Every structure is written in C-alpha cells, then in structure tokens.
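Structure at a glance
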Amino acid sequence: MPRYVIERDIPEIGSAEREALRGAAEKSNSVLADMKAEQKNIQWEHSYVAGDKTFCIYISENEALIQEHAERSGFPATKVTEVRKTIDPVTAED
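Reading guide: rules and limits
- Residues numbered from 1 in each chain as written.
- Predicted model: local features only at pLDDT ≥ 70, side-chain atom pairs only at ≥ 80, totals over all residues.
- Heavy atoms only, no water.
- Buried < 20%, exposed > 50% of the residue type's maximum accessible area, 1.4 Å probe, protein only.
- Helix = DSSP H or I, 4+ residues; strand = E, 2+ residues; numbered from the N terminus.
- Pairing = 2+ DSSP bridges.
- Expected span 1.5 Å × (residues − 1).
- Arc of directions from axis to C-beta.
- Contact = heavy atoms within 4.5 Å.
- Salt bridge = Lys/Arg side-chain N within 4 Å of Asp/Glu carboxyl O.

Observations concerning the pairing of strand 3 (residues 53-60)
Side-chain positions along a regular strand alternate between the two faces of the sheet. With six of eight residues buried, strand 3 lies mostly within the body of the structure. Pairing geometry for strand 1 (residues 3-9) and strand 3, over seven bridges, is antiparallel. Note that in strand 3 the partner of tyrosine 4 across the bridge is tyrosine 58. Two elements, strand 2 (residues 42-50) and strand 3, share eight bridges in a ladder whose sense is antiparallel. Along strand 3, the bridge assignment pairs histidine 46 with isoleucine 57. Between the end of strand 2 and the start of strand 3, which pair antiparallel, lie two residues, with glycine 51 showing a positive phi angle near 55°.

Structure representation (structure tokens):
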C-alpha cells in the first residue's frame, strides 16, 4: 500500500501540552478504528510535531481515505504527498 506524508496546519501545535496531544491521538485512533471496521485500509504510522504544523505518516490504499480521515477527525490535511521512494545513508553504499 502507498505511504503518504500529510502536512497539517494547526496553529501552535508545537507548544501543545502532552494531554492535548494525547487527546488528538485518541481522536485519530477512534476514527481509524471506525474506518477499519468499515473495511477501509488506512493506518497511522507516526507524526512529527513542529511549530504550527504536524507531518503525519500514513499508509493507505489511496488519498481519498486520507481526506476522509481528515474530515471525520477534524484534523486538516493541508497537503498530502504520496511517498514514491525512500532513501537513507545505506542508499549510498554499493
């Protein structure tokens, strides 16, 4: 399944307290569980929180499911980018 990076514009998220982040994760998990029960293939891997944005990594059958999750959870999907390839330090080796 494709992997996506979702950029979410959320003012001051970088200074959010742990409880607020926990609440956001619980909301996201709840929506994902509902979607899974509906036989929709979407999975949250992790997110990076920075300043006024989050960068979330998801695995999903398609971008439409990413957009559906954003709408149902109330978290904006400002920009969705499909990951085509990954590279790391090992990529430079023979």
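Points about helix 1 (residues 18-37)
Here helix 1 spans 28 Å end to end across 20 residues, near enough to the 28 Å set by a 1.5 Å rise per residue. Three or more residues of helix 1 are buried, namely Ser28, Val31, Leu32 and Met35. Down the axis of helix 1, the buried set is contained in an arc of 100°. They therefore lie on one face. With respect to the buried face of helix 1, the exposed residues turned more than 90 degrees away are Arg18, Glu19, Glu26 and Ala37. On the buried face of helix 1, the contacting elements are strand 2, strand 3 and helix 2 (63-73). The first or second residue beyond helix 1 is glutamine 39, which carries a positive phi of 65°.

Things to note about the pattern of salt bridges
Following the criterion strictly, the structure yields eight salt bridges and no others. Note that lysine 53 is salt-bridged to glutamate 7, the shortest N-O span being 2.7 Å. Of this pair, lysine 53 sits in strand 3 while glutamate 7 sits in strand 1, and the two are 46 residues apart along the sequence. We note a salt bridge from lysine 40 to glutamate 38, for which the minimum N-O separation is 3.2 Å. For glutamate 38, a relative accessible area of 38% translates into the label partly exposed. Beyond isolated ion pairs, a larger network of salt bridges with shared partners links Glu38, Lys40, Glu68 and Arg72.

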